[in-house]
Amino acid sequence: MTNSPTAIQTFGLSKAFGDVLALRDLDLEVFRGEVFGFLGPNGSGKTTTIRLLLDFIRPTSGRAEILGLDTRKHAFELRRQVGNLPGDFLIYPQLTINAFFRLCSGGRPEGMRRARDLADRFGLDLKRKVGTLSTGNRQKAGLVQALMHDPELVILDEPTSGLDPLVKEEFYGLVDEEKGRGKTIFLSSHVLPEIEQICDRVGIVREGSLIAVEEVEGLKRHKRRRMAITFSGPAEVSVHEWQKAEGVEVLARAGNRVELSIPEGSVAGVLNILAGLPVEDLVFPEASLEKAFMSLYAGTTEEESHDGFPGELS
Amino acid sequence: MKFALIAVHLRLSMYEILAWAGGLLLYAAAIVWIYPMVSAVEGMGEYLKAMPDQFREMAGVTDPSHALDAQGFFTFEGFLSTEYMGWFPVLLGIYAIMSGAGIVARDAERGALDIILAQPVHRYGLLVTRAITQIGVLGVLTSGSFGTLLVGALLLDEPIGKLNLLYTHAVALGLIVSLFSFATLWSTIFLRTSRAMAVAGLGTVLLYVINVLAPSLGSLGWLEKMSPFAYYESLSLLNTGDVDPLSIIVYLGITLFALGAATQVFERRDLVS
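Residues numbered from 1 in each chain as written. Chains lettered and ligands numbered in written order. Predicted model: local features only at pLDDT ≥ 70, side-chain atom pairs only at ≥ 80, totals over all residues.

Student: Which residues make up the overall build of chain A, and what are the values?
Tutor: A count of helices and strands for chain A gives eleven helices and 15 strands. Within the span of chain A, comprising 314 residues, buried residues form 40% of the whole. The contacts of chain A with a sequence gap of at least 6 include a subset with a gap of at least 24, amounting to 69%. (Helix = DSSP H or I, 4+ residues; strand = E, 2+ residues; numbered from the N terminus. Buried ≥ 20, exposed ≤ 12 C-beta atoms within 10 Å, placed from the backbone. Contact = placed C-beta atoms within 7 Å.)

Student: Could you give an account of the sheet that holds strand 10 (residues 201-206) of chain A, with specific residues and numbers?
Tutor: All names here are of chain A. The mixed open sheet is built from six strands, whose spatial order is 7-8-9-4-10-11. Pairing within the sheet leaves two strands with one partner each, and these edge strands are strand 7 (82-85) and strand 11 (209-215). When the angles between neighbouring strand axes are averaged without regard to direction, this sheet yields 15 degrees. Two strands pair when backbone bridges link them, and strand 4 (residues 35-39) and strand 10 are joined in this way by four bridges, in the parallel orientation. By the bridge assignment, leucine 39 is partnered in strand 10 with isoleucine 204. Most of the contacts of helix 1 (residues 46-53) go to strand 8 (residues 153-157), to which it runs at about 145 degrees, and overall it touches strand 4, strand 8, strand 9 (184-189) and strand 10. Sitting on the sheet, helix 5 (residues 135-147) is in contact with strand 7 and strand 8, with an inclination near 170 degrees to strand 7. (Pairing = 2+ DSSP bridges. Axes fitted to C-alpha atoms, helices over the stretch in contact; angles between N-to-C directions.)

Student: Outline the pairing of strand 9 of chain A, supporting the account with residue identities and numerical values.
Tutor: Consecutive side chains along a regular strand alternate between the two faces of the sheet. Residues and elements named next belong to chain A. Of all six residues in strand 9, six are buried; the element is thus mostly enclosed. Pairing between strand 4 and strand 9: five bridges, direction parallel. The residue bridging valine 35 from the neighbouring strand is isoleucine 185, located in strand 9. Sheet topology note: the strand 8/strand 9 ladder contains five bridges and is parallel. Residue pairing for strand 9: isoleucine 155 is matched across the bridge by phenylalanine 186.

Student: Before we move on, could you go through the sheet that holds strand 12 (residues 224-231) of chain A and cite the residues and values that matter?
Tutor: All names here are of chain A. Pairing within the open sheet is antiparallel, and its four strands lie in the order 13-14-12-15. Strand pairing shows two members of the sheet lacking a second neighbour, strand 13 (249-254) and strand 15 (279-283), which therefore form its edges. Between one strand axis and the next, the sheet turns by 20 degrees as a mean value, whatever way the strands run.

Student: Residues and numbers for the confidence of the model for chain B, please.
Tutor: The share of residues in chain B with pLDDT of 70 or more is 97%, and the mean pLDDT across the chain is 90. Here the predicted complex scores 0.82 on pTM and 0.82 on ipTM. (pLDDT = per-residue confidence, 0-100.)

Student: Tell me about the packing of helix 5 (residues 88-101) of chain B against helix 8 (residues 123-156) of chain B, and name the residues and values.
Tutor: Residues and elements named next belong to chain B. At their nearest, the axes of helix 5 and helix 8 sit 11 Å apart, and the two run at 160 degrees to each other. By the criterion of interaxial angle, the relationship of helix 5 to helix 8 is roughly antiparallel. In this structure, the crossing between helix 5 and helix 8 has a hand that is right-handed. Facing Phe88, Leu92, Ala96 and Ser99 of helix 5, the residues of helix 8 in contact are Gln134, Leu138, Leu141, Thr142 and Ser145. (Parallel < 35°, antiparallel > 145°, perpendicular 65-115°, else oblique. Left-handed = near helix turned anticlockwise from the far one by under 90°.)

Student: Could you give me a rundown of helix 6 (residues 165-180) of chain A, with the residues and numbers involved?
Tutor: An ideal rise of 1.5 Å per residue puts 22 Å on 16 residues; helix 6 of chain A measures up with 23 Å between its terminal C-alpha atoms. Gly182(A) sits one or two positions beyond helix 6 of chain A and adopts a positive phi of about 85 degrees. (Expected span 1.5 Å × (residues − 1).)

Student: Lay out the interface of chain B and chain A in plain terms, naming residues and giving numbers.
Tutor: Opposite the 18 residues of chain B that make contact, chain A presents 21 residues. Elements supplying a minimum of two residues to the side of chain B that touches chain A: helix 1 (2-39) and helix 7 (113-116) of chain B. Sort the elements by how many residues they give to the side of chain B that touches chain A and helix 1 of chain B lands first, with four residues. Looking at the side of chain B that touches chain A, its residues break down into twelve nonpolar, three polar and three charged. (Nonpolar A, V, L, I, M, F, W, Y, C, P; charged D, E, K, R; others polar.)

Student: So what's going on with the confidence of the model for chain A? Residues and values would help.
Tutor: Here chain A averages 85 in pLDDT, and 89% of its residues register 70 or above. Low pLDDT, under 50, characterises residues 299-314 of chain A; the predicted model gives this stretch 28 contacts beyond four residues in sequence or across chains.

Student: If you had to explain the nonpolar core to someone new, which residues and values would you point to?
Tutor: Val144(A), Leu138(B), Ile176(B) and Ala183(B) are the most contacted members of the largest nonpolar core, which has 135 residues in total. Looking at this core element by element, the count peaks at 14 residues for helix 9 (residues 162-190) of chain B. Leaving out residues up to four positions away in the same chain, Leu138(B) has contacts with Leu92(B), Ala96(B), Leu173(B), Ile176(B), Val177(B) and Phe180(B). Grouped together as the second largest cluster of nonpolar side chains are seven residues, Ala245(A), Leu260(A), Ile262(A) and Val270(A) included. (Core = buried A, V, L, I, M, F, W, Y, C linked by C-beta atoms within 7 Å.)

Student: I'd like a rundown of the domain arrangement of chain A, residues and numbers included.
Tutor: In terms of domains, chain A is made up of domain 1 (6-219) and domain 2 (224-286). The gap between the C-alpha centroids of domain 1 of chain A and domain 2 of chain A is 40 Å. (Domains from an automatic or database assignment.)

Student: Describe helix 4 (residues 76-85) of chain B, listing the residues and the values that go with them.
Tutor: Think of an α-helix as 3.6 residues a turn; residues three or four steps apart then line up on the same face. Within helix 4 of chain B, nine of the ten residues are buried, which leaves it mostly tucked inside the rest of the structure. Against the buried residues of helix 4 of chain B lie helix 1, helix 5, helix 8, helix 9 and helix 11 (234-240) of chain B.

Student: Kindly report on the packing of helix 1 of chain B against helix 8 of chain B, identifying the contributing residues and their values.
Tutor: Residues and elements named next belong to chain B. Contact geometry for helix 1 and helix 8: axes closest at 9 Å, N-to-C directions at 25 degrees. The pairing of helix 1 with helix 8 is recorded here as roughly parallel in orientation. Here helix 1 runs over helix 8; the crossing is right-handed. For the contact of helix 1 with helix 8, the class distribution of residues is 18 nonpolar, eight polar and two charged.

Student: Got a sec to walk through unusual backbone geometry? Specific residues and values, please.
Tutor: With a phi angle near 65 degrees, Asp55(A) is a residue other than glycine that sits in the positive phi range. Among the structural elements, Asp55(A) can be located in the loop between helix 1 and strand 5 (61-66).

See below:
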């Protein structure tokens, strides 16, 4: 391991599968000790990036470093320092969880000790066979194997997929602890609230290209959310009046219903306007990360993606 | 890590190993058991001589007189070669091809490679560890066959040359391991068990057919030497114990080349199935 301040650094990393360019010229820097969220819709290149970093596939051009070491030349050494949870985690169904952890521990007792501690924490029964586990429990076993070596860098592909809310909270707590111990977490996810809760910075990848890297706090400032209001009676509020709340845009008006696009920090202004009005129903979900970022970085307007209130990237 | 890989490989293959071991041992025991009945039947020599050359080639009896005694009855060696040792590398070769074809492809299909190769193990380390373990399994199965036949011969009080029987099994194992290595190479190329098994199986059948038919093809008889089966003469080995050094060179050469190529392919390729 080197003293490089970066946990992950890629230099023009590209990968083509036949004619399909899955990743193009990725220049990404993830610093040590941070929790980095890697976001994008399905097929955007997240998993390709992770597989390149782990040396499962080889770049068409460019290169990557982990902890200051070239991922191809030092693949073996890096495996001691990197924990990995694949997106579609599968392993031999005939093995007990204990035997699976023993396989992953490489005979090192400290690995097994930590695995047992983590398994206790996640409520995993070590005697159960992997094939009998629910999706959530299998995911927990995958998380334990990713963390059991106490790696410097943990790469997690959709880590909370299939986990129930309580275990998700446990996982978020674990990520916090690992971060507190100076470890770096690189995780891909679809879920914006999760990213907001645990990540320091995010990178957005779309159609194989990195379109943005930003701190989560910065992301929140940019983020616009939609609000749908239904009035119980006539409520004549002009576009001009709505716009008194800073940055608010009227997306649609039909009968007693209006839909607004509201930037972060303007919610109070909208609520002030609504205070004297006969509001029957109000829907104000978490913003879709995809839409927020598309409007910010890809030039897609909120109106163009005006098709409901999705909570996750598709 | 390597010990854990070996333990898991054996654990996951346990039932198929036991099934093949049981089947082979029963077959060997049955052959020993029926020999006294067959050896007393008159006219077996005529029957053997009446067989088409190709059929005798398949059973490893190129010269029927080598399988018969002075009275025209089957010798123990002749019967073993015709009914068992001639087929042994074919039978165990099927298992060798099945296991070789899945050696890394099965894990790629399961998605388990992503977990295993995220641990501190080289790709070639994984492949070589698995291959050596499986060659060990094939060795144990071959030893089981040797032991069963040896005990059977002692029980029947048949004076078979122990070393001859050992050498015959050893050369058969060489052929079986070369078939396993051939299938392993295809496993790394395709990372799909069924495809690797199909190509390795088809190639092996082709080589076997060449071995059987080539001697009858006149000027194309030299083709026989292209088949690894041509270097395994069970009857000659059982009778004389003379191991043709060329057979060792051929089997070792095929094994080293195929496993070396498999390692290179596996080391360099993208792990996507």
